[in-house]
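What follows is each chain in one-letter form.
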Amino acid sequence: MTLFPLVQDAIERVRTALEGAISARTPGVNTLLAAFDRGCSINAAIETLGAATDLDEIRAFAVLPEDANSTIESLILEIDALRSPNIQNELKRARDRAVVVNALAVAVNTAAAFDLATYDAYVRARNDAAQRHTEASTKAFEGLSIPGVLAACRTNTKSKI
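About the cut-offs
- Sequence order as written defines the numbering, with residues in each chain counted from 1.
- Residue-level local features of this predicted model are given only where pLDDT is at least 70; pairs of side-chain atoms are given and counted only at 80 or more, and the full residue set underlies all totals for whole chains, interfaces and linings.
- As a rule here, side-chain values cover all heavy atoms of the structure and leave hydrogens and water aside.
- For the purposes of this entry, the term helix denotes a DSSP run of H or I that reaches at least four residues, the term strand denotes a run of E that reaches at least two, and both are numbered from the N terminus.
- Contacts are assigned to residue pairs with any non-hydrogen atoms lying within 4.5 Å of each other.
- The protein chains shown are the only cover counted for residues, whose accessible areas, like all others here, come from Shrake-Rupley with a 1.4 Å probe.
- Polar contact is defined as a pair of N or O atoms within 3.5 Å, subject to the rule that within protein one atom must be able to donate a hydrogen and the other to accept it, and that residues adjacent in sequence are counted only when both atoms are side-chain atoms.
- Multiplying 1.5 Å by the residue count of a helix minus one yields the expected span of that helix.
- Burial classification: accessible surface area is computed with a 1.4 Å probe over protein chains only, and a residue below 20% of its type maximum counts as buried, one above 50% as exposed, and the rest as partly exposed.
- Note on scores: pLDDT gives the predictor's confidence for each residue, bounded by 0 and 100.
- A carboxyl oxygen of Asp or Glu within 4 Å of a side-chain nitrogen of Lys or Arg is what we treat as a salt bridge.
- Patch membership requires over 30% relative accessible area and the absence of a salt bridge. Like charges are linked within 9 Å, and nonpolar side chains (Val, Leu, Ile, Met, Phe, Trp, Tyr) within 5 Å.

Caption draft 1: Structural detail: the overall build of the chain. Scanning the chain from N- to C-terminus turns up seven helices and zero strands. Written out in order from the N terminus, the α and β elements of the chain read α-α-α-α-α-α-α. Counted over contacts in the chain with a minimum sequence separation of 6, partners at least 24 positions apart contribute 23%. Counting every atom, the chain has about 14,000 Å² of accessible surface; 63% of that belongs to carbon and sulfur.

Caption draft 2: Inspection of the side chain of Asn 127 at higher detail. Inspection of the secondary structure puts Asn 127 in helix H6 (residues 116-140). Of the polar contacts made by the side chain of Asn 127, one reaches the side chain of Arg 126; its length is 2.8 Å.

Caption draft 3: A look at H6. The terminal C-alpha atoms of H6, which comprises 25 residues, lie 36 Å apart, in line with the 36 Å expected from a rise of 1.5 Å per residue. Taken together, the buried positions of H6 are occupied by Val 123, Asn 127, Thr 134 and Ser 137.

Caption draft 4: Representation of the confidence of the model for the chain within the structure. Per-chain confidence: the chain averages 80 in pLDDT, with 82% of residues scoring 70 or above. Of all helices and strands in the chain, the one with the weakest mean pLDDT is helix H7 (residues 149-158) (53), whereas H6 scores best (91).

Caption draft 5: Main features of the pattern of salt bridges. For the coordinates displayed, the defined rule picks out five salt bridges. Among the ionic pairs, Asp 9 bridges to Arg 13, the shortest N-O distance being 3.4 Å. On the criterion of helical spacing, the pair formed by Asp 9 and Arg 13 is a turn pair, its members being four residues apart in helix H1 (residues 4-25). Here Glu 19 and Arg 15 are joined by a salt bridge, their closest N and O atoms 2.7 Å apart. Taken together, the positions of Glu 19 and Arg 15, both in helix H1 and four residues apart, correspond to about one turn of that helix.

Caption draft 6: Fine view of the side chain of Thr 134. Turning to its location among the elements, Thr 134 is positioned in helix H6. Within the structure, the side chain of Thr 134 is placed 2.9 Å from the backbone oxygen of Ala 130, a separation counted as a polar contact.

Caption draft 7: Structural context of a nonpolar patch on the surface. Among the surface-exposed residues, Leu 3, Leu 6, Val 7 and Ile 11 lie close enough to one another that they form a single nonpolar patch of about 410 Å² accessible area. Summarising the element assignment, Val 7 is placed in helix H1. Looking at Val 7, the relative accessible area reads 46%, which means it is partly exposed.

In structure tokens form, the structure reads like this:
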């Protein structure tokens, strides 16, 4: 007897869940009826729309463009792609592409803002300073016979930017 309230509560929750599922699957009111005149010849077919409706009968009333079937097929493919379980993979790929595009945008903006004339002036100044350093070092140790002192200065000046 002590478990009776728990069992009754469980039964009520199952009943509530079943009623919710039934109401979710029950078709709603046909909203297409408001768009058609009651005297229209297709009104009877619209009133009875459902799972058993003959689509060929409905298509007989329709005026479709020539490419309607290809449009329908492409839309079906798009819907299937959206239902795909790989949506997380697609989302990851899109985010990865966005990261790459943003990095490229930063690189392009940096390259566009690069001042070539200033860079060239700095490279020339560096080369001139390196040459003056080499000349000063060579003149300072020219008369001395210290092995290897001037060799380091000569090899450093060969690598220019």
